Amino acid sequence: MRFETIGFIEWMKTRARTKIDLTRSSVRNFSLKNLNVKREELEIFGPNDYGYPPLLEAVASRYKVKEENVVTAVGSSHAIFLVCAALIERGDEVLIETPVYEPLLAVPRAFDAVTKRFERRYDNGYQIDLEKFASLLSPKTKLIVLTNLHNPTGALLSRRDLRDLVGIAHKSGAQVLIDEIYLEFLEGAESETSFSTEENIIVISSLTKVFGLGGLRCGWILASSALAKRLRSIIDYINVDGVFIGEQISAKIFDQIDSIKDESKETLEKNMSMIANLIRKEEKLSWVEPAGGVVCFPRVEAGLSGDELASLLLERYDTSVVPGSFFEKPQHFRMGFGVRPDTLARGLENIKKVLGSGLHF
Ligand SMILES: Cc1ncc(COP(=O)(O)O)c(C=O)c1O
């Protein structure tokens, strides 16, 4: 194994904090005081050998799967690591989307995978070109890695494309890891997990993005019973037990998470339309409008790059967005809009000022 710096994660942790912070990719942090949990009901120790049973039950019932198909994890970050540890052997090929949330590329590489990339192109609405995708598979392909909704663009894959992609992978004996951490920003059928035990799909998610509960570190993996068993035995190498009190709070609030989600819905809609308005009017910006979620990935059209825009915002206007190069696309920038509308409005004004200043041309 080799652990190289994950530039994006390091940058997120060490970047200068700004008055207007549009770098984050979740709704605003939810506070413990607003959760319906009584302190006297909580304990430090309890039964959670392979996950706290009421939490396993809550996850299984939300996603209509059996408990044997659920593995709890310390956030999706832990889930990514566990899945790669369970499946990848040195030299296995792993096909990974680009642009990509960097840990989804870095972790397979840490496990000595040979990584190949399939492009999600701007001019194709960040969908997946299945023909090109199919041409990348080989008998050595062990795993396909993608996000749905896509981070950084918020694009949604159609059920049909996803089914076809899984079929192509299946024929080649590869498994498909779908990171659905943003999917439940959508509503109804679109928000339903793609996990199915009959297919070679592994799904990971957590309470971080949609529900603003990242501090609980409540993540999970949906996997076949055989893979779930292997994942649990890998947990024995890493953390043996989960954090009981966190699992206990998560289990208690699982039936409240839809109402927690509803609280941010109006703000997100308002914010998305503010951004859409700006991009409609601002000829130096273009985008593929996200299907939903909390991030978008505008492209800067003239005279400067997304990375330069991010630097100028920081230097002149105490405003931060994620430079596109962290997602392998320096012409873009990622903007998170899970903030208060007045904060976003000020951030957008600052973007207009940078684009209108002409100083960079
Ligand atoms: C696609 C994706 N997966 C996983 C994570 C990590 O989430 P967690 O807080 O659950 O570890 C993130 C966070 O940005 C993400 O964007």
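Scroll up to find the structure this text is about.
Now for a look at the structure at hand. Sequence order as written defines the numbering, with residues in each chain counted from 1. Local features in a predicted model are, by the rule used here, given only for residues with pLDDT of at least 70; side-chain atom pairs are given and counted only at 80 or more, and totals for whole chains, interfaces and linings are based on all residues.

## Digging into the nonpolar core
Here is step 1: Think of a nonpolar core as buried Ala, Val, Leu, Ile, Met, Phe, Trp, Tyr and Cys residues, each tied to the set through C-beta atoms within 7 Å. Comment: burial labels come from other C-beta atoms within 10 Å of the residue's own C-beta, placed from the backbone, where a count of 20 or more is buried, 12 or fewer is exposed, and between is partly exposed. Ranked by internal contacts, the top residues of the largest apolar core, which has 103 residues, are V83, I144, V176, L177, I202, I221 and L231.
Here is step 2: Runs of H or I in DSSP of at least four residues are treated as helices and runs of E of at least two as strands, each being numbered from the N terminus. With seven residues, the single largest contributor to this core is helix 3 (residues 75-87).
Here is step 3: Each domain's extent is set by a domain assignment, obtained either automatically or from a database. Residue assignment places this core across two domains, with domain 1 (7-28 + 258-357) and domain 2 (40-256) each supplying three or more.

## Observations regarding the site of the ligand
Here is step 1: Close contacts around the ligand come from 13 residues, with G75, S76, S77, S206 and T208 the closest.
Here is step 2: Considering each element in turn, the shell around the ligand owes the most residues, three residues, to helix 3.
Here is step 3: Here the nonpolar group is Ala, Val, Leu, Ile, Met, Phe, Trp, Tyr, Cys and Pro; Asp, Glu, Lys and Arg are the charged ones; every other residue, Gly included, is treated as polar. Residue composition of the shell around the ligand, by class: two nonpolar, ten polar and one charged. Near residues are defined by distance alone, with the backbone-placed C-beta atom required to lie within 6 Å of the molecule or strand.

## Let's talk about the sheet that holds strand 14 (residues 333-336)
Here is step 1: Pairing in this open sheet of three strands is antiparallel, and the strands run 10-14-13 from one edge to the other. The sheet is open, and its two borders are formed by strand 10 (295-296) and strand 13 (322-323), each paired with just one other strand.
Here is step 2: Here a strand pair is declared whenever DSSP counts at least two bridges between the two strands. Pairing geometry for strand 13 and strand 14, over two bridges, is antiparallel. The residue bridging P323 from the neighbouring strand is F333, located in strand 14.

## Describing the sheet that holds strand 3 (residues 93-98)
Here is step 1: Taken together, the seven strands give an open sheet; going across it, the order is 2-8-7-6-5-3-4, and neighbouring strands pair in mixed fashion. The sheet is open, and its two edges are formed by strand 2 (70-74) and strand 4 (114-119), each paired on a single side. Sheet twist, expressed as the mean angle between neighbouring strand axes with direction ignored, is 20°.
Here is step 2: One ladder, built from six bridges, connects strand 3 with strand 4; its direction is parallel. Only the stretch in contact is used when fitting a helix axis, every axis being a line fitted to C-alpha atoms; angles between N-to-C directions are given from 0 to 180 degrees.

## Regarding the environment of I351
Here is step 1: If you trace the backbone, I351 turns up in helix 11 (residues 341-357).
Here is step 2: With 26 C-beta atoms packed within 10 Å, I351 lands in the buried category.
Here is step 3: Remark: the alpha-carbon pair of I351 and E263, spanning 88 residues in sequence, is separated by 27 Å.

## Here's the deal with the packing of helix 3 against helix 4 (residues 103-110)
Here is step 1: The geometry of helix 3 relative to helix 4 is characterised by a closest axis approach of 9 Å and an angle of 35° between their N-to-C directions. When the axes of helix 3 and helix 4 are compared, the crossing they make is right-handed. Counted together, S77, I80, F81 and C84 of helix 3 and P103, L104, V107 and P108 of helix 4 form the full contact between these two elements.
Here is step 2: Each residue belonging to the contact of helix 3 with helix 4 can be placed in one class, and the counts come to seven nonpolar, one polar and no charged. The crossing is said to be left-handed when, going from far helix to near helix, the turn is anticlockwise and less than a right angle, and right-handed when the turn is clockwise. C-beta atoms are placed from the backbone for every residue, and two residues are taken to be in contact when these atoms lie within 7 Å.

## Quick notes on the pairing of strand 5 (residues 141-147)
Here is step 1: Buried residues dominate strand 5, accounting for six of its seven residues.
Here is step 2: Here strand 3 pairs with strand 5 via four bridges, running parallel. The residue of strand 5 that forms the bridge with E93 is T141.
Here is step 3: Inspection of the sheet shows strand 5 paired to strand 6 (residues 175-179) by five bridges, in the parallel sense. The partner of T147 across the bridge, within strand 6, is D179.
Here is step 4: For the handedness criterion, the β-α-β arrangement of strand 5, helix 6 (residues 159-171) and strand 6 is classed as right-handed. Here a crossover is taken to be right-handed if, once the strands point away from the viewer, the path from the first strand over the helix to the second is traced clockwise.

Note that all results are geometric; they support no functional claim without further evidence.
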